[in-house]
Amino acid sequence: QVQLVESGGGLVQPGGSLSLSCAASGSVFTIDVMGWYRQTPGKARELVALIDRDGSTSIGNSVKGRSTISRDNAKNTVALRMNSLKSGDTAVYYCNAFVLKGVENYWGQGTQVTVSS
């Protein structure tokens, strides 16, 4: 089993930048895909960014061009950098880890990002 712990959330002004980090630990050592999703009350969960072990990425349309995702396969960590933040980016951001073998899907408890003046 894998445990995910996010860090880096907080309050940031519009136009600012923020970095989120997620560290995985536990008995599963090979994570195929890591990434970030976000959710606001009454809204569906939205993909922010995903990254495979080979470095291939998928970036959500709402953050494309201003977000970067990276990972360290050996350490099973993933980081998200978001620039030019706007109020629409306000959400709880969840770290996700997917293990293909056994179809295991893990989630962190979430970290709040608030973009406001």
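Provided above is the structure to which this section pertains.
Some details on the state of the cysteines
Inspection of the entire model under this criterion finds 1 disulfide. Covalent S-S linkage joins Cys22 and Cys95, the inter-sulfur distance amounting to 2.0 Å. Here Cys22 and Cys95 share a disulfide; its torsion about the S-S bond, -85°, makes the bridge left-handed. One end of the pair, Cys22, is in strand E3 (residues 18–26); the other, Cys95, is in strand E9 (residues 91–99), and 73 residues separate them in sequence. Neither residue differs from the other here; Cys22 and Cys95 are each classed as buried.

Some points on the pairing of strand E5 (residues 46–52)
The sheet contact formed by strand E4 (residues 33–39) and E5 spans 6 bridges and is antiparallel. Within E5, the position partnered with Gly35 by the bridge is Leu50. Hairpin geometry of E4 and E5 is characterised by an intervening segment of 6 residues between the two adjacent antiparallel strands and by a positive phi of about 80° at Gly42. Here 3 bridges tie E5 to strand E6 (residues 57–59), and the two strands are oriented antiparallel to one another. Across the sheet, the residue bridging to Ile51 is Thr57, located in E6. Once E5 ends, the chain turns through 4 residues before running back antiparallel as E6, passing Gly55 with a positive phi of about 95°.

Some remarks on the side chain of Thr111
Inspection of the secondary structure puts Thr111 in strand E11 (residues 111–115). Residues in contact with Thr111, not counting those within four places in the same chain, are Glu6, Gly9, Leu20, Ala91, Val92 and Tyr93.

Quick word on the packing of aromatic side chains
Using the criterion set out here, one finds 1 aromatic pair in the structure. Its guanidinium or amino end placed over the ring of Trp107, Arg45 lies 4.1 Å from that ring's centre, counting from NZ or CZ.

Quick word on the nonpolar core
Counting 27 residues, the largest nonpolar core has Leu4, Trp36, Val78, Leu80 and Tyr93 as its most contacted members. Mapped onto this core, the elements with two or more residues apiece are strand E1 (2–7), E3, E4, E5, strand E8 (77–82), E9 and E11. A total of 5 residues in this core trace back to one element, the largest contributor, which is E9. Setting aside its immediate chain neighbours within four residues, Val78 contacts Leu20, Ser21, Cys22, Met34, Trp36, Ile51, Ile69, Ser70, Arg71 and Cys95.

The rules behind the values
- Residues numbered from 1 in each chain as written.
- Predicted model: local features only at pLDDT ≥ 70, side-chain atom pairs only at ≥ 80, totals over all residues.
- Heavy atoms only, no water.
- Disulfide = S-S within 2.5 Å.
- Helix = DSSP H or I, 4+ residues; strand = E, 2+ residues; numbered from the N terminus.
- Buried < 20%, exposed > 50% of the residue type's maximum accessible area, 1.4 Å probe, protein only.
- Pairing = 2+ DSSP bridges.
- Contact = heavy atoms within 4.5 Å.
- Phe/Tyr/Trp six-rings, centres within 6.5 Å; stacked < 30°, edge-to-face > 60°.
- Lys NZ or Arg CZ within 6 Å of the ring centre and 35° of its normal.
- Core = buried A, V, L, I, M, F, W, Y, C linked by side-chain atoms within 4.5 Å.

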